[in-house]
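Remarks on the overall topology
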Amino acid sequence: MSQTWMRLDNAAKIFPAVRRRDWSNVFRLSATLTEPVDPQILQQAVEQAAPRFPSMLVGLHRGMFWYYLQRVSQPPQVHQDGACPLIHMTRREMRRCAIRVLYYHNRIAVEFFHALTDGNGGLIFLKTLTAAYLSLAQGVTISPGQGVLDLRQPPRPQELEDSFQQAAGRVPLSRREPSALHLDGRRELGAFLHLTVATVPTEQLKAAAHRYRCSVTAFLSAVMLQAILAVAPGRRGRKWAKVAVPVDLRRLFPSQTLRNFALTVSVGVDPRLGSYTLQELCKVVQGQLDSQVTPQQMAARVAANVKPERSLALKIAPLPLKNLIMRLVYRVSGESKGTLNISNLGLTQLPPEMAPWVEYLDFIIGPQATYYNNCSVLSFGQWTRINLIRSLVSPVLERAFLTALVELGLSVQVDSNGRKEP
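Residues numbered from 1 in each chain as written. Predicted model: local features only at pLDDT ≥ 70, side-chain atom pairs only at ≥ 80, totals over all residues. Heavy atoms only, no water.

Before going further, it helps to spend a moment on the overall build of the chain. Along its length, the chain carries 12 helices and 15 strands. Radius of gyration (C-alpha) of the chain: 21 Å, near the 22 Å computed for a compact globule of 422 residues. Each of the three principal axes of the chain carries a C-alpha extent, and together these read 60 × 55 × 40 Å. Looking at the chain as a whole, 56% of its 422 residues qualify as buried. Contacts spanning at least 24 positions in sequence make up 77% of the contacts within the chain whose residues lie at least 6 apart. Carbon and sulfur atoms make up 53% of the accessible area of the chain, which totals about 19,100 Å². (Helix = DSSP H or I, 4+ residues; strand = E, 2+ residues; numbered from the N terminus. Rg over C-alpha atoms; globule rule 2.2 N^0.38 Å. Buried < 20%, exposed > 50% of the residue type's maximum accessible area, 1.4 Å probe, protein only. Contact = heavy atoms within 4.5 Å. Areas by Shrake-Rupley, 256 points an atom, 1.4 Å probe, with all protein chains shown as cover.)

Attention shifts here to the sheet that holds strand S14 (residues 383-390). Strand order across the open sheet formed by 7 strands is S10-S9-S11-S13-S14-S8-S15, with mixed pairing between neighbours. Edge positions in the sheet fall to strand S10 (262-269) and strand S15 (413-416), since each of these pairs with one other strand and no more. Neighbour-to-neighbour, the strand axes of this sheet turn through a mean angle of 20 degrees, independent of strand direction. Inspection of the sheet shows strand S8 (residues 194-201) paired to S14 by 8 bridges, in the antiparallel sense. In the strand pairing of S14, His194 is matched with Arg390. Set on the sheet, helix H4 (residues 119-138) makes contact with strand S9 (241-248), strand S11 (340-348) and strand S13 (373-380); between it and S11 the angle comes to about 45 degrees. (Pairing = 2+ DSSP bridges. Axes fitted to C-alpha atoms, helices over the stretch in contact; angles between N-to-C directions.)

Further remarks concern the side chain of Asp162. By secondary structure assignment, the location of Asp162 is in the loop between H4 and helix H5 (164-167). No salt bridge forms around the buried Asp162; measuring N to O, its nearest opposite-charge neighbour Lys13 is 5.1 Å away. One polar contact links Asp162 to Gln165, side chain to side chain, over a distance of 3.0 Å. Excluding its chain neighbours within four sequence positions, the residues that come into contact with Asp162 are Asp9, Asn10 and Arg259. (Lys, Arg positive; Asp, Glu negative; His and termini not counted. Salt bridge = Lys/Arg side-chain N within 4 Å of Asp/Glu carboxyl O. Polar contact = N/O pair within 3.5 Å; in protein donor to acceptor, adjacent residues only side chain to side chain.)

Attention shifts here to the sheet that holds strand S5 (residues 79-80). Sheet architecture is open: 5 strands sit in the order S5-S6-S7-S2-S12, paired in mixed fashion. In this open sheet, the two edge strands, each paired with only one partner strand, are S5 and strand S12 (358-365). In the sheet, strand S2 (residues 26-33) pairs with S12 via 7 bridges, with the strands oriented antiparallel. Among the inter-strand pairings, Leu33 is bridged to a residue of S12, identified as Val358.

Moving on: the side chain of Thr202. Within the element layout of this structure, Thr202 appears in helix H6 (residues 202-211). Given the relative accessible area of 6%, Thr202 is considered buried. Residues within four places of Thr202 in sequence aside, it is in contact with Ser379, Gly381, Gln382, Trp383 and Thr384.

Because each turn of an α-helix spans 3.6 residues, side chains separated by three or four positions end up pointing in the same direction. The first and last C-alpha atoms of helix H8 (residues 278-292) sit 21 Å apart over 15 residues, in line with the 21 Å expected at 1.5 Å per residue. Next to the buried residues of H8 lie helix H7 (216-231), S9, S10 and helix H9 (295-310). (Expected span 1.5 Å × (residues − 1).)

Using the criterion set out here, one finds 8 aromatic pairs in the structure. Geometrically, the ring pair formed by Phe112 and Phe125 is edge-to-face, given 5.8 Å between the ring centres and 85 degrees between the ring planes. A residue pair is termed long-range when its members are at least 10 positions apart, and Phe112 in strand S7 (residues 107-113) and Phe125 in helix H4 qualify at 13 residues. Accessibility assignment for this pair places Phe112 and Phe125 in one class, buried. Consider the rings of Phe164 and Phe261, whose centres lie 5.2 Å apart with planes at 75 degrees: the pair is edge-to-face. Of this pair, Phe164 sits in helix H5 while Phe261 sits in the loop between S9 and S10; the two residues are 97 residues apart in sequence, bridging distant segments of the chain. (Phe/Tyr/Trp six-rings, centres within 6.5 Å; stacked < 30°, edge-to-face > 60°.)

Before going further, it helps to spend a moment on the environment of Met224. Relative to the helices and strands, Met224 is located in helix H7. Placed 71 residues apart in sequence, Met224 and Gln153 show a C-alpha to C-alpha distance of 43 Å. Excluding residues within four positions of it along the chain, Met224 makes contact with Val243, Leu340, Ile342, Cys375, Leu388, Leu397 and Phe401.

Written as structure tokens, this is what we have:
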């Protein structure tokens with residue numbers, strides 16, 4: 001990329017507008033290695049990888065009409081990780097560089113402000129950085145592939161494009177849908193986030209989903225819906241129990257972008273219609289995913305987001321007015337439509353020279369501004385890691401969800417980031 005700045009992609013524009021002093025939309029990807037991480041060598045790996053990712057080694061800046069991304073002059077310094085993931089990313093920090101590179105014992109972690117990329121783009125960055133580190137630290141030669149980019153090659157223009165512009169259909173889809181119930185409770189003080197990590201054998205999880213004739217994502221969403229209905233019996237009212245499921249649009253449209261290219265669909269049930277068995281929930285969720293996740297439906301959803309951006313009135317509106325409009329849209333058609341997210345990056349692979357050095361891969365998304373639980377999933381090798389995060393004191397939802405998995409016959413190993421729970 002010869003130019004030193006770039007516009008935000010269509011999905012990215014919402015994130016700076018809706019961020020708050022106590023909430024920034026940041027997610028984390030990490031690799032747990034078989035050997036302790038040397039921070040000095042990790043810093044060298046960051047410096048090696050930086051030129052290959054000009055859309056990620058950037059700071060977020062404010063213009064008169066839009067936010068924009070400016071390439072940083074120096075790669076970020078690596079820092080030791082703490083007990084709490086995804087701490088608030090301040091405006092000053094975002095201007096310096098909108099990613100963090102962290103280490104702790106055997107773990108390399110990267111935290112991204114969501115305006116830069118989505119989970120799949122971030123996973124390519126983590127894999128490539130980890131490969132560069134292992135090449136330096138262990139002397140192994142790792143072939144590019146399986147999401148590891150060749151650092152000898154320059155960035156390709158396709159990696160930097162806003163693919164939403166090409167994927168938008170001619171007819172926008174209405175955003176109207178039922179609102180979702182939100183779980184509440186006592187908030188944790190000091191912005192501490194509770195992280196519960198469930199490690200499950202991937203083959204067991206796939207077998208359980210197969211028994212219920214659905215995908216792993218549909219199965220986990222159905223189990224989560226069952227848990228939501230169990231822990232919120234008195235808060236249902238007219239609102240649905242709903243799970244928001246991000247969809248990687250690269251599966252539906254030709255794109256090699258490393259920027260955001262995902263959209264969220266909602267699946268759920270109306271509690272007023274009666275109780276549901278897990279079998280019924282799996283059938284409902286799989287049916288909703290099948291009907292919504294098609295090229296035609298997703299192109300229409302993309303069009304609903306791209307069309308306003310192309311209007312002359314919005315283009316010439318000053319940034320404070322744009323921010324106000326986007327906050328209102330987000331409040332009406334954003335988080336109000338989901339109880340929580342389940343973001344599943346699926347089963348990922350590594351180059352054969354690299355895989356023996358990596359024990360786990362993890363993906364963590366933070367709580368949202370108005371709902372306080374979230375769930376993210378990533379499978380590598382024989383293990384699937386389910387990361388459940390909350391800003392609430394009580395682990396009511398996690399307990400119901402994980403208990404259900406155990407009762408279904410899955411072997412679940414549970415870890416947390418240490419603060420005592422009631």
